[in-house]
Amino acid sequence: MGKLSKDDLTIDLESQKGRNAAAKIYMPLVYKIVTQYMGKSSLSKQELISSGLQGLTQAMNDWNKNTEDKKVSFKTYAGYRV
């Protein structure tokens, strides 16, 4: 389990502006994971990116549901969802 960072405690996933900022910050994570799966999957790069963005969106939606019991960083959680 990773340690929570200051960014995990101050991340704004409630407002549209905060969600857009989080998406910009974590897009490199999506691209990194997509790159790892290229050639190992029958999906095209665009399909993998689309799927990764859906996972990132789900992570942003689900992250605030368990506010009292966060044991992994948002980046780690999003990585699993992507």
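Residues numbered from 1 in each chain as written. Predicted model: local features only at pLDDT ≥ 70, side-chain atom pairs only at ≥ 80, totals over all residues. Heavy atoms only, no water.

Caption draft 1: Summary view of the packing of aromatic side chains. Scanning all chains against the criterion turns up three aromatic pairs. When the centroid spacing of 5.0 Å and the interplanar angle of 65 degrees are considered together, the rings of Tyr26 and Phe74 count as edge-to-face. Separated by 48 residues along the polypeptide, Tyr26 in helix α2 (residues 16-37) and Phe74 in helix α4 (residues 74-81) bring together distant segments of the chain. Accessibility assignment for this pair places Tyr26 and Phe74 in one class, buried. (Phe/Tyr/Trp six-rings, centres within 6.5 Å; stacked < 30°, edge-to-face > 60°. Helix = DSSP H or I, 4+ residues; strand = E, 2+ residues; numbered from the N terminus. Buried < 20%, exposed > 50% of the residue type's maximum accessible area, 1.4 Å probe, protein only.)

Caption draft 2: Highlighting the packing of α2 against α4. Contact pair α2 / α4: the axes reach a minimum separation of 10 Å and the direction vectors enclose 40 degrees. With respect to each other, α2 and α4 are oriented oblique. Relative to α4, the crossing made by α2 is right-handed. Here Tyr26, Leu29 and Ile33 of α2 come into contact with α4, specifically with Phe74, Lys75, Ala78 and Gly79. Broken down by class, the residue content of the contact of α2 with α4 amounts to five nonpolar, one polar and one charged. (Axes fitted to C-alpha atoms, helices over the stretch in contact; angles between N-to-C directions. Parallel < 35°, antiparallel > 145°, perpendicular 65-115°, else oblique. Left-handed = near helix turned anticlockwise from the far one by under 90°. Contact = heavy atoms within 4.5 Å. Nonpolar A, V, L, I, M, F, W, Y, C, P; charged D, E, K, R; others polar.)

Caption draft 3: Local environment of the pattern of salt bridges. Under the criterion given, the structure shown has one salt bridge. We note a salt bridge from Arg81 to Asp62, for which the minimum N-O separation is 3.0 Å. Residue Arg81 is found in helix α4, and its partner Asp62 is found in helix α3 (residues 45-63); the two are separated by 19 residues along the sequence. (Salt bridge = Lys/Arg side-chain N within 4 Å of Asp/Glu carboxyl O.)

Caption draft 4: Here's a closer look at the nonpolar core. Grouped together as the largest cluster of nonpolar side chains are 16 residues, with contacts concentrated most on Leu13, Leu56, Met60, Phe74 and Ala78. Elements with a minimum of two residues in this core: α2, α3 and α4. Of the residues forming this core, the biggest block, seven residues, is contributed by α2. In this structure, Met60 is in contact with Leu13, Arg19, Ala22, Ala23 and Phe74, ignoring residues within four places of it in sequence. (Core = buried A, V, L, I, M, F, W, Y, C linked by side-chain atoms within 4.5 Å.)

Caption draft 5: Representation of the side chain of Ser73 within the structure. Mapped onto the secondary structure, Ser73 falls in the loop between α3 and α4. By relative accessible area, Ser73 is classed as buried at 11%. A polar contact of 3.0 Å, which involves the side chain of Ser73, links it to the side chain of Thr76. (Polar contact = N/O pair within 3.5 Å; in protein donor to acceptor, adjacent residues only side chain to side chain.)

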